[in-house]
Amino acid sequence: MNDPMKLAAMAVDHAQSAGAQEADARINRLRLENLSVKNGQLGIAEAPEEFGIGVRVFHKGCSGFAAAPLGLGDGESLAKELAKRALKNAEALSVACAEVRTLAPTASGEHDWQTPVELDAFAIPLADKLDLLNRWEASMKGASETVVRQSNYSARREEQWQATSAGARIHQVLARAGGNISTTAVAKGQTQRRSYPSSFGGQFKAGGFEHLLSMKCDEHGERMRDESVALCHADPCPGGERTLVIGGSQLMLQIHESVGHPNELDRVFGHEVDLAGSSFAKPEMLGGFQYGSEHVNLVADSTIPGGLDTRGFDDEGVASGRWPIVEKGVFQGFHTDRTWAGKVGEAQSRATCRSDGWYHPPIIRITNLSLMPGTWGFDELIADCEDGSIYMDTVKMWSIDQRRLNFQFTCEVAWEIQGGKLGRLLRNPTYQGTTPAFWNSCDAVCKEEHWELWGLTNCGKGNPMQVAEMSHGAAPARFRGVQLIPAE
Amino acid sequence: MGILSRDQALAVARSILERSEADETEVILQSAEERFVRFAGSGPTQNGDRHRHQVSIRARVHCADGIREARATCDGIGDQQTSGALARAFELAQLAPPDSALGKLEGAYAGMRELGSEVLDLATLEHSFEDKAARVRQALALSKEAKLEPAGLMHTGGESLTIVNSAGREVHDGRTRASLSLTASVPGFDGGAGIAEATTERVAQLNPEEVFRRAIEKALMTSNARAIDPGQYTVLLEPIAVSSFLLFASYLGFGAQEVQEESSFLCGRIGQQLFPEALNVHDDANNAVLRNYAFDMEGTRKQRVPLIQNGVLQPPVTDADWARRLGVANTGHALAKPNTDGPKATDLVVAPGKHSAQELLAGIQRGLLITQFHYTNLIDPKDLLLTGMTRNGTFLVEGGEIVGAVKNLRYTESLVNALGNLSGIANEQEVAGALFDGVLITPAMRIENFRFTSSTDF
């Protein structure tokens, strides 16, 4: 049998006929392309492909999951074998199940959903992609202090066939693309990096190669080179309590770490304690806890155009949606799955249960989660800051505790604000705080024209570890009385 | 089909080589079979019963200006999938800029075929979910008895690694792993908790009850934690705490490329006595505690490399390219090529000291016992300046004795500074993991003047 949907449905039918209470099966075909040019050479040239099936059953209040690659041998036998093993494992584990779980409903019927793509990244000739990366990399040449110049591109296409015992037959094609430039200079005993438009692999959006063409990284190469060299000669960022304006490419990670992760219901209930940790957020805080100031509006949205977790359905077959997490500073909602949504009084899952390909069982993941724009112009906001305030941007380092309260972030670059303008450059800017105090110190968010949806491709969670992708929209925002620490 | 045997894996890899049109080809085939269950107070929360194969093909094309190379991977071993990966690797390689610094792939060497082994321990490879359920029930029962919330993992399985290249190199190795962990938390997850974990080559080597009781005992000690001010303290770091700290030298420090790019803490310090003489760190895949693969991702035999010898920093690890560029020996520490990271020391072993951890603790007038650091990350690579949080048991030590639990603290400290302030190494090694991957074999360490920069209220 070559039809993946029929194969997935067969696994589900087999599990049900063998006694499973519920079952779902996902077949994933993943294609990736990663290219990096480093110091004039092709540093990374990878083209991975994955194709496999994962079958999940619910039986006697417990789940069972089995997975194997497809493409070798008899797919029908494999699908049945996995269904049988998943059921057997659920049966074996059910003796240790201490709490009966009731699953929230899921979709039924046939559905087809595809990421809108203007230019299929995989159809662009490789030579054209290398030309682009070579041009980006070359734009950072010209400084003797430079030790690394790197341009990166990555594209991903994931095709899914999902069948559930509720009768859903879901076919999805999810695509994203992106990249960046990054350069490192060494001088005066310092090693300093600058990246554009963001660091750690770069900026990604759902879609195709059109995003790469719109980034125009080569127009920013000289500036990145010069800033990386200048940072080696710059003063270290001072410590003390200061007003801080944080740029969007840094604020997106602040959202991710201090709002997204504590908002995952499995963390709240202690299921992730053995590795990633728990959460300070509790169900009883909903509707009353002042998570942030009145300027803080955070919205989860797995339907937003361009989001890395924008899709029709999650990996439990639940339809995507949009809902408030923090509204005018007040805590309003969680990320959930079918198993645990009922424990916070919700009839439906929020469709935030995803797996890293066919090999892993789905777990609760952050979806696209954004700080909504405010009313300030960027220049207007800087002009409104007192002397000694700091503007910083671009992720360099992040760390946050196991309850997602105490955090410390370092950015690639900062400027001191003097006379209402950006003044001297400062290196290793580092700030520290606790989550509710930090978000409650927000007194201004820039308006929509400064707002950007930033893609994050390296979110690790689970044990064994799974990697997920999502986006966070943010505009520069101002926070009062933030503790900066000298990081040298 | 689960994990591949040596003969099966070599047959797949050789058939890919035979189909290659490239001037040089290298095939890396990894095969894994694993079963795991995660659990919490409600019982099992996730599980998996799965196998996979990962094929990585490096194709190389020779030209007048050097060698062009690229890599493609797939997770199937059928002819259709591997031919697709081969074609993608070859296509990419033809377009890659030539690198005149690259040498040809290295071929067979003496002892190559005797390296490594099959995955031998069937009890670990086939450890059942019935057996895992029994351990989950045991963890839940012991935690309930102590009025604590459990969360943990039991994970068993086997992996094999096979590397074949067109120059005649053929190597294969297999290993099994069994790991078990429990974090026992005070209900509410508001701070008090204890952790214990164990990783072994064979499931029979695990002692689940000992692991569970150790976590619970630690958690029970964390009640009534008091707040203390951040500042500098003498610390006794248990092995799990050492791992999340020292592993950053593995990620970014002990490799030849980062030294050349001047982003390593080794830069300008090789040969210097920076640390006490008692400190000896090797990269040693063939160590007696937890053996790793015998060769690197180019199939080169991994050497036992001194990295810190009697407190003196030693030269970094290399791979074939970096050894050639620097004119030094290849130590066998390649990652899959091509990559932008260079060679890495992935099997760090810290030699044991002479005193027990208890004796080291007894020598602390006022300080802290640290069980674990959470979310350690790198601020500055040149001194390996790191930050992270304490977790799962932080205790005040006065007059050589634990006097009570303290609330968690954030540290900001450089590895270079901390190892320079090392005042004792315990005499028992443990296998310890870290959040960002990797495993370290290390005893506990006592360090003076360790810097904590902020505190929490839990």
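Nothing here was measured: the structure is a model prediction, and the numbers come from that model.

Calculation notes
- Residues numbered from 1 in each chain as written.
- Chains lettered and ligands numbered in written order.
- Predicted model: local features only at pLDDT ≥ 70, side-chain atom pairs only at ≥ 80, totals over all residues.
- Heavy atoms only, no water.
- Core = buried A, V, L, I, M, F, W, Y, C linked by side-chain atoms within 4.5 Å.
- Buried < 20%, exposed > 50% of the residue type's maximum accessible area, 1.4 Å probe, protein only.
- Contact = heavy atoms within 4.5 Å.
- Domains from an automatic or database assignment.
- Buried area = accessible area lost by both parts, 1.4 Å probe.
- Salt bridge = Lys/Arg side-chain N within 4 Å of Asp/Glu carboxyl O.
- Helix = DSSP H or I, 4+ residues; strand = E, 2+ residues; numbered from the N terminus.
- Expected span 1.5 Å × (residues − 1).
- Arc of directions from axis to C-beta.
- Polar contact = N/O pair within 3.5 Å; in protein donor to acceptor, adjacent residues only side chain to side chain.
- Nonpolar A, V, L, I, M, F, W, Y, C, P; charged D, E, K, R; others polar.
- Pairing = 2+ DSSP bridges.
- Disulfide = S-S within 2.5 Å.
- Phe/Tyr/Trp six-rings, centres within 6.5 Å; stacked < 30°, edge-to-face > 60°.
- Lys NZ or Arg CZ within 6 Å of the ring centre and 35° of its normal.

1. Details of the nonpolar core
- With 59 residues, the main nonpolar core has Leu298, Ile325, Leu371, Tyr431, Trp439 and Phe479 of chain A as its most contacted residues.
- Residues within four places of Leu371 of chain A in sequence aside, it is in contact with Leu251, Ile255, Val296, Asn297, Leu298, Trp439, Val445, Trp451, Gly473, Ala474 and Ala477 of chain A.
- By size, the runner-up hydrophobic cluster in this structure holds 50 residues, among which are Leu212 of chain A together with Leu29, Ile77 and Val164 of chain B.

2. Remarks on the domain arrangement of chain B
Residues and elements named next belong to chain B.
- Each assigned domain of chain B is listed here: domain 1 (6–218) and domain 2 (224–458).
- Relative to domain 2, the C-alpha centre of domain 1 lies at a distance of 24 Å.
- Contacts between the two partners involve 42 residues from domain 1, matched on the other side by 33 residues from domain 2.
- A buried area of about 3100 Å², summed over both sides, lies between domain 1 and domain 2, and 51% of it is on carbon and sulfur atoms.
- The three residues of domain 1 that bury the most area against domain 2 are Ile195, Glu197 and Lys218, which together make up 17% of that side's buried surface.
- Linking domain 1 to domain 2 there are 4 salt bridges.
- Two residues, Asp99 and Arg325, come together in a salt bridge whose shortest N-O distance is 3.7 Å.

3. A look at helix 5 (residues 208–220) of chain B
Residues and elements named next belong to chain B.
- With 13 residues, helix 5 ought to run about 18 Å at 1.5 Å a step, and its terminal C-alpha atoms sit 18 Å apart, in line with that.
- Within helix 5, burial applies to Pro208, Val211, Phe212, Ala215, Ile216, Lys218 and Ala219. Seen end-on, helix 5 carries its buried residues on one side only, within an arc spanning 160°.
- The inward-facing, buried residues of helix 5 abut helix 4 (129–145), strand 5 (170–185), strand 6 (193–200), strand 12 (366–380) and strand 13 (385–398).

4. Thoughts on the pattern of salt bridges
- Going through the model one piece at a time under the given rule, you end up with 72 salt bridges over all chains.
- The partner of Glu449 of chain A in a salt bridge is Lys447 of chain A, and the shortest N-O contact between them spans 3.9 Å.
- What makes Glu449 of chain A exposed here is its relative accessible area of 63%.
- On the accessibility criterion, Lys447 of chain A (31% relative accessible area) is partly exposed.
- Between Asp347 of chain B and Lys302 of chain B there is a salt bridge; the shortest N-O distance is 3.1 Å. Residue Asp347 of chain B is found in the loop between helix 8 (320–326) and strand 11 (348–350), and its partner Lys302 of chain B is found in the loop between strand 8 (281–283) and strand 9 (305–309); the two are separated by 45 residues along the sequence.
- Assessed through its relative accessible area of 7%, Asp347 of chain B is described here as buried.
- We classify Lys302 of chain B as buried; its relative accessible area is 17%.

5. Re the interface of chain B and chain A
- Taken together, the contact pairs 81 residues of chain B with 88 residues of chain A.
- Together, the buried faces of chain B and chain A total about 7200 Å²; carbon and sulfur atoms form 52% of this surface.
- It is Arg38, Arg50 and Phe189 of chain B that lose the most area in chain B upon contact with chain A, and together they represent 9% of the buried surface on that side.
- Here chain B is connected to chain A by 46 residue pairs in polar contact (both at pLDDT 80 or more).
- Per-element accounting of the side of chain B that touches chain A gives the leading share, 11 residues, to strand 2 (residues 43–63) of chain B.
- Classifying every residue of the side of chain B that touches chain A gives 28 nonpolar, 34 polar and 19 charged.
- Where strand 4 (residues 62–69) of chain A lies against strand 2 of chain B, 2 bridges are found, and the strand directions are parallel.

6. Brief notes about helix 2 (residues 75–94) of chain A
- Here helix 2 of chain A is 20 residues long and its end C-alpha atoms lie 28 Å apart, about the 28 Å a rise of 1.5 Å per residue gives.
- One side-chain oxygen of the residue at the start of helix 2 of chain A lies 3.0 Å from the amide nitrogen of Glu76 of chain A, identifying that residue as Asp74 of chain A.

7. Points about the side chain of Gln162 of chain A
All names here are of chain A.
- Note that Gln162 resides in strand 6 (residues 146–164).
- On the accessibility criterion, Gln162 (0% relative accessible area) is buried.
- Among the polar contacts listed, one links the side chain of Gln162 to the backbone oxygen of Asp314, at a separation of 3.2 Å.
- One polar contact links the side chain of Gln162 to the main-chain amide nitrogen of Gly317, over a distance of 2.9 Å.

8. Quick notes on the state of the cysteines
- Under the counting rule described, the total for this entry stands at 0 disulfides over all chains.
- Note on Cys232 of chain A: no disulfide assigned, nearest cysteine sulfur contributed by Cys267 of chain B at a separation of 13 Å.

9. Some details on the side chain of Asn339 of chain B
Residue and element names in this part refer to chain B.
- Along the chain, the position of Asn339 falls in the loop between helix 8 and strand 11.
- On the accessibility criterion, Asn339 (19% relative accessible area) is buried.
- At a separation of 3.0 Å, a polar atom in the side chain of Asn339 contacts the main-chain carbonyl oxygen of Ala336.
- At 2.8 Å, the side chain of Asn339 and the backbone nitrogen of Gly342 are in polar contact.

10. Let's talk about the packing of aromatic side chains
- Going through the model one piece at a time under the given rule, you end up with 29 aromatic pairs over all chains.
- Ring centres of Phe373 of chain B and Tyr411 of chain B lie 4.3 Å apart, and the angle between their planes is 45°; this geometry places the pair in the tilted category. In this pair, Phe373 of chain B is assigned in strand 12 and Tyr411 of chain B in strand 15 (residues 409–414), connecting sequence segments 38 residues apart.
- Residue Tyr411 of chain B is classed as buried on the basis of its relative accessible area, which comes to 0%.
- Linked through ring pairs, Phe407, Phe409, Tyr431, Phe438, Trp439 and Phe479 of chain A together constitute an aromatic cluster.
- Over the aromatic face of Trp376 of chain A sits the side chain of Arg478 of chain A, whose NZ or CZ is 5.2 Å from the ring centroid.
- Between the NZ or CZ atom of Lys132 of chain B and the centre of the ring of Phe129 of chain B, over which it lies, the distance is 5.5 Å.

11. Quick look at the pairing of strand 9 of chain B
Residues and elements named next belong to chain B.
- With 3 bridges joining them, strand 8 and strand 9 adopt antiparallel strand pairing. Paired with Asp283 across the strands is Val305, a residue of strand 9.
- Counting the residues that bridge the hairpin from strand 9 to strand 10 (residues 312–313) gives 2 residues, and of these Asn310 lies at a positive phi of roughly 50°.

12. Describing the environment of Thr184 of chain A
- Within the secondary structure, Thr184 of chain A is located in strand 7 (residues 168–187).
- Counting along the chain gives 45 residues from Thr184 of chain A to Val229 of chain A, while the straight-line C-alpha distance between them is 8.0 Å.

13. Describing unusual backbone geometry
- Residue Pro197 of chain A follows Tyr196 of chain A across a cis peptide bond; omega there is -5°.
- Position of Pro197 of chain A relative to the elements: it lies in the loop between strand 8 (190–196) and strand 9 (203–206).
- Cis peptide bonds are those with omega within 30 degrees of zero, and the linkage from Lys337 of chain B to Pro338 of chain B qualifies with -10°.
- With respect to the secondary-structure elements, Pro338 of chain B resides in the loop between helix 8 and strand 11.
- Backbone geometry at Ala351 of chain A places phi at a positive 65°, although glycine is not the residue there.

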